Amino acid sequence: MANWLGHLKTVHHHRALVRKHCFRVGLYWQGLTHDRSKYAPVEWIPGVKYYQGNRSPNEAERAAKGYSSAWLHHKGRNRHHLEYWIDYSPVGGHGLAGMEMPVKYVVEMFCDRMAASKTYRGAAYRDSDPLDYYLHSRDHYLIHPHTKALLEALLARLRDEGEDAVFAYIKKEILKKYPLFHGAGCIGSPPFSFHRDL
């Protein structure tokens, strides 16, 4: 019962943070619908069984079983995960590659990473935590270069300038400059560089 309640509180806390972050940049629908698949039995049951409170239960399920059934379900239903966008490349050797993500999902992914860091780090959270976590894993990501550039720029801006500044930048620069892309499309060839020192 303690795992069930702890997992419920963690999921609700995380979703509330993502909702707050998405609302700050005007992504209201995404804020309201973020991670609803976590309540599906295929995700909920392993989430309760492997709940620890200080990290994702997907990691514990993966350690115990060699894979995470909850994660496999989750990443295939939530477009804010870069893994959702892995497909066979239409060019070259047709191997698996990261497809370019629509801007609104990159922004939601940023909000998700920030909320996850706040959820699991608690009072120890620092604005550099989401970037540190990303850098720890980025070498194995299959991610499109434009998606990678935007995500890294947002994470670095959060680290360097803080939450208020990065949300203002997203709302005034990213989502305003790409209004069509905000809804459905991608950046294509960015007209300006997202690069920031990591």
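Above this text sits the structure in question.
Residues numbered from 1 in each chain as written. Predicted model: local features only at pLDDT ≥ 70, side-chain atom pairs only at ≥ 80, totals over all residues. Heavy atoms only, no water.

(A) Up close: the side chain of Gln 30. Considering the arrangement of structural elements, one finds Gln 30 in helix 2 (residues 28–33). At 3.1 Å, the side chain of Gln 30 forms a polar contact with the backbone oxygen of Lys 104. Those residues within four positions of Gln 30 in sequence are excluded, and the remaining contacts are Cys 22, Lys 104, Tyr 105 and Glu 108. (Helix = DSSP H or I, 4+ residues; strand = E, 2+ residues; numbered from the N terminus. Polar contact = N/O pair within 3.5 Å; in protein donor to acceptor, adjacent residues only side chain to side chain. Contact = heavy atoms within 4.5 Å.)

(B) Geometry of a nonpolar patch on the surface. There is a patch of nonpolar side chains on the surface, built from Phe 23, Tyr 28, Trp 29 and Leu 32 and spanning about 470 Å² of accessible area. When residues in the nonpolar patch are grouped by element, the largest group, 3 residues, is from helix 2. With respect to the helices and strands, Trp 29 occurs in helix 2. Overall, Trp 29 belongs to the exposed group, its relative accessible area being 64%. (Patch = residues over 30% accessible without salt bridge, like charges linked within 9 Å, V, L, I, M, F, W, Y side chains within 5 Å. Areas by Shrake-Rupley, 256 points an atom, 1.4 Å probe, with all protein chains shown as cover. Salt bridge = Lys/Arg side-chain N within 4 Å of Asp/Glu carboxyl O. Buried < 20%, exposed > 50% of the residue type's maximum accessible area, 1.4 Å probe, protein only.)

(C) How the structure looks around the packing of helix 1 (residues 2–25) against helix 9 (residues 163–177). Here helix 1 crosses helix 9 at 50 degrees, and the two axes come no closer than 8 Å. As judged from the angle between their axes, helix 1 and helix 9 are oblique. Listed contacts from helix 9 to His 21, Arg 24 and Val 25 of helix 1 are Glu 163, Asp 164, Phe 167, Ile 170, Lys 171 and Leu 175. In terms of residue class, the contact of helix 1 with helix 9 is made up of 4 nonpolar, 1 polar and 4 charged. (Axes fitted to C-alpha atoms, helices over the stretch in contact; angles between N-to-C directions. Parallel < 35°, antiparallel > 145°, perpendicular 65-115°, else oblique. Nonpolar A, V, L, I, M, F, W, Y, C, P; charged D, E, K, R; others polar.)

(D) Region of the structure containing helix 9. Its 15 residues give helix 9 an end-to-end C-alpha distance of 20 Å, which sits within 8% of 21 Å, the value for a rise of 1.5 Å per residue. The sharpest bend along helix 9 measures roughly 35 degrees and falls at Ile 170. Where helix 9 is concerned, the buried positions are Glu 163, Val 166, Phe 167, Tyr 169, Ile 170, Ile 174 and Leu 175. (Expected span 1.5 Å × (residues − 1). Bend = angle between axes of the 7 residues up to and from the residue.)

(E) Geometry of unusual backbone geometry. The phi angle at Asp 35 is positive, at roughly 55 degrees, despite the residue not being glycine. Summarising the element assignment, Asp 35 is placed in the loop between helix 2 and helix 3 (41–49). Overall, Asp 35 belongs to the buried group, its relative accessible area being 2%.

(F) Here's a closer look at the packing of aromatic side chains. A complete count under the given rule lists 7 aromatic pairs for this structure. Centre to centre, the rings of Trp 85 and Tyr 105 are 6.1 Å apart; their planes meet at 40 degrees, and the pair counts as tilted. With Trp 85 in the loop between helix 5 (69–75) and strand 1 (86–88) and Tyr 105 in helix 6 (residues 103–121), this residue pair connects regions lying 20 residues apart in the sequence. Of the residues examined, Trp 85 reaches a relative accessible area of 18% and is grouped as buried. One aromatic cluster is present, formed by Trp 4, Tyr 39 and Trp 44 through successive ring pairs. The residue whose ring lies beneath Arg 157 is Tyr 169, and the NZ or CZ to ring-centre distance is 3.6 Å. (Phe/Tyr/Trp six-rings, centres within 6.5 Å; stacked < 30°, edge-to-face > 60°. Lys NZ or Arg CZ within 6 Å of the ring centre and 35° of its normal.)

(G) Region of interest: the pattern of salt bridges. Applying the stated criterion across every chain yields a total of 12 salt bridges. Salt-bridge contacts for Lys 38 lead to Asp 35; the nearest nitrogen and oxygen are separated by 3.9 Å. The closest approach of N and O atoms between Glu 59 and Arg 55, which form a salt bridge, is 3.4 Å. Each of Arg 24, Lys 118, Glu 163 and Asp 164 takes part in salt bridges that share partners, so that together they form one network.

(H) Broad picture of helix 4 (residues 57–65). Looking only at helix 4, the buried set comprises Pro 57, Asn 58, Ala 60 and Glu 61. The buried residues of helix 4 occupy an angular sector of 160 degrees when projected down its axis, which confines them to one face. For helix 4, the N-terminal capping position is held by Ser 56, with its side-chain oxygen 3.1 Å away from the main-chain nitrogen of Asn 58. Where helix 4 terminates, the next one or two residues include Gly 66, which has phi positive at roughly 90 degrees. (Arc of directions from axis to C-beta.)

(I) Expanded view of the packing of helix 1 against helix 6. Relative orientation of the contacting elements helix 1 and helix 6 amounts to 140 degrees, with a least axis distance of 9 Å. Relative to helix 6, helix 1 is oriented oblique. Between helix 1 and helix 6 lies a crossing whose hand is right-handed. Facing Thr 10, His 13, His 14, Leu 17, Val 18, His 21, Cys 22 and Val 25 of helix 1, the residues of helix 6 in contact are Val 107, Glu 108, Cys 111, Asp 112, Met 114, Ala 115, Ala 116, Lys 118, Thr 119 and Tyr 120. In the contact of helix 1 with helix 6, the residues fall into 10 nonpolar, 5 polar and 3 charged. (Left-handed = near helix turned anticlockwise from the far one by under 90°.)

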